[in-house]
Amino acid sequence: AVVSTQSTGIYVDQPEIKQKPVSTERSQSNLWLIKVPKYVSERLSSCESGTQFGVIQTQRTHTPSGQEFTFEVDPKLCESYNGLPDCPSAHTMKLGTLAGVNKNLAVYSDTDDAINIEGVIKTKFEVMLNRSDPKSSNSYLRLKRFEAEKKLDPGRKIVITNKSHNNFKPSNVSRKQMFTTKAEKEEKLMNKRTRLDADMVESMILRAFKKNQYISQKHLVAITDQPEAYLKTFLHKMCVYNQKPPHKNTWELKPEYRYYEPSESAGPSEES
C-alpha cells in the first residue's frame, strides 16, 4: 500500500485486488464427506499404493441416524510402528445424509484462473470405533493412554550413567583474580603498603598537621603511605574526627598534641 499525505488528511492507496471468475459447472455434483479417526488416517497415509487396508462387510444395519456397516482394518497395519502401540481393528461405518439448512457444505478449489465449485456434500460417511469388540476397546485405551503420557513427558530427563564425566567444581576465585597476570601480581606486591614503626608514623602525622589543621583521611593515607586500618589506630589516638560543618569528614589534632601557635590556628587553613 502507498500512503500519501496532503493538507486535507492522509490517504492510503490500496493495491488492486485481482478478481477471479467463479466456475459453477460442477456445483450440482454430490460429494461424500468421509471422517476417520486420527490413528486410521495416519496408517492409511503410510500405506503404499495398491495396499489392502481393510475389509468392509456389507450387512446393512438400519439405525435412526442412517445405515451402518462394519469395517475391519488389516491386522498387519494395526501393529505398532514408530513407537506407537497397536491400534484397534474393528470399526463401524455409519452412512447418513447432511440434512437441514445449516448443514449445507460445499467444496471449492482455487486455481490461477478461477475459483471452482467442485460440488455440494450430501452424504456423510463416518468411521468409528466398534466399542462392542473387547480387543479393539483395549487397544484404543492403550493408544489414548500412550498419547496422554507422551504429552506429559518432559523434553529433558535425568539419565544416570556409569561412565565418568568431566565435572567442573565451582571456584571461589573471581574472574578478575583468575585472569590476573604474573606481572600484575608482582606489581601489586611491590605497591603494597608496609607498616612502619609507631614513632615514625606519629612523626609523619604531626608534620602533616603542622601545615594544615584539618586533613581528610584519604590525604593522610597518601601522605603517610600506611595501610588505612593501621593508620586509623593512630588517628583515633591523636586526632578528633569532625562530623559537622564547616570541616566535616576531616581529622584534627587533639589539644594535647597541638604545638602550632594560636595565631596559626585562627588563620585560614587548607582543607583537603
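Residues numbered from 1 in each chain as written. Predicted model: local features only at pLDDT ≥ 70, side-chain atom pairs only at ≥ 80, totals over all residues. Heavy atoms only, no water.

A. Spotlight on the side chain of Ser 27. Structurally, Ser 27 is set in the loop between β3 (22–23) and β4 (30–35). The class for Ser 27 is buried, based on a relative accessible area of 16%. Among the polar contacts made by the side chain of Ser 27, one reaches the main-chain carbonyl oxygen of Thr 24 at a distance of 2.9 Å. Setting aside residues up to four positions removed in sequence, Ser 27 forms contacts with Ile 117, Gly 119 and Val 120. (Helix = DSSP H or I, 4+ residues; strand = E, 2+ residues; numbered from the N terminus. Buried < 20%, exposed > 50% of the residue type's maximum accessible area, 1.4 Å probe, protein only. Polar contact = N/O pair within 3.5 Å; in protein donor to acceptor, adjacent residues only side chain to side chain. Contact = heavy atoms within 4.5 Å.)

B. Local environment of helix α7 (residues 217–224). Buried residues of α7: Gln 217, Leu 220, Val 221 and Thr 224, and no others. Relative to the axis of α7, the buried residues are bounded by an arc of 100° and lie together on one face. Counted as exposed and oriented over 90 degrees from the buried face of α7: Lys 218 and Ala 222. Here the buried face of α7 lies against α6 (198–211), α8 (228–238) and β11 (250–253). (Arc of directions from axis to C-beta.)

C. Region of the structure containing the packing of aromatic side chains. On inspection of all chains with the given rule, the structure shows five aromatic pairs. Relative to Phe 234, the ring of Tyr 230 lies with its centre 5.1 Å away and its plane at 85°, an arrangement referred to as edge-to-face. Within this pair, Tyr 230 and its partner Phe 234 are both found in helix α8, separated by four residues, close to a single helical turn. Pair check on accessibility: Tyr 230 and Phe 234 agree, each one buried. (Phe/Tyr/Trp six-rings, centres within 6.5 Å; stacked < 30°, edge-to-face > 60°.)

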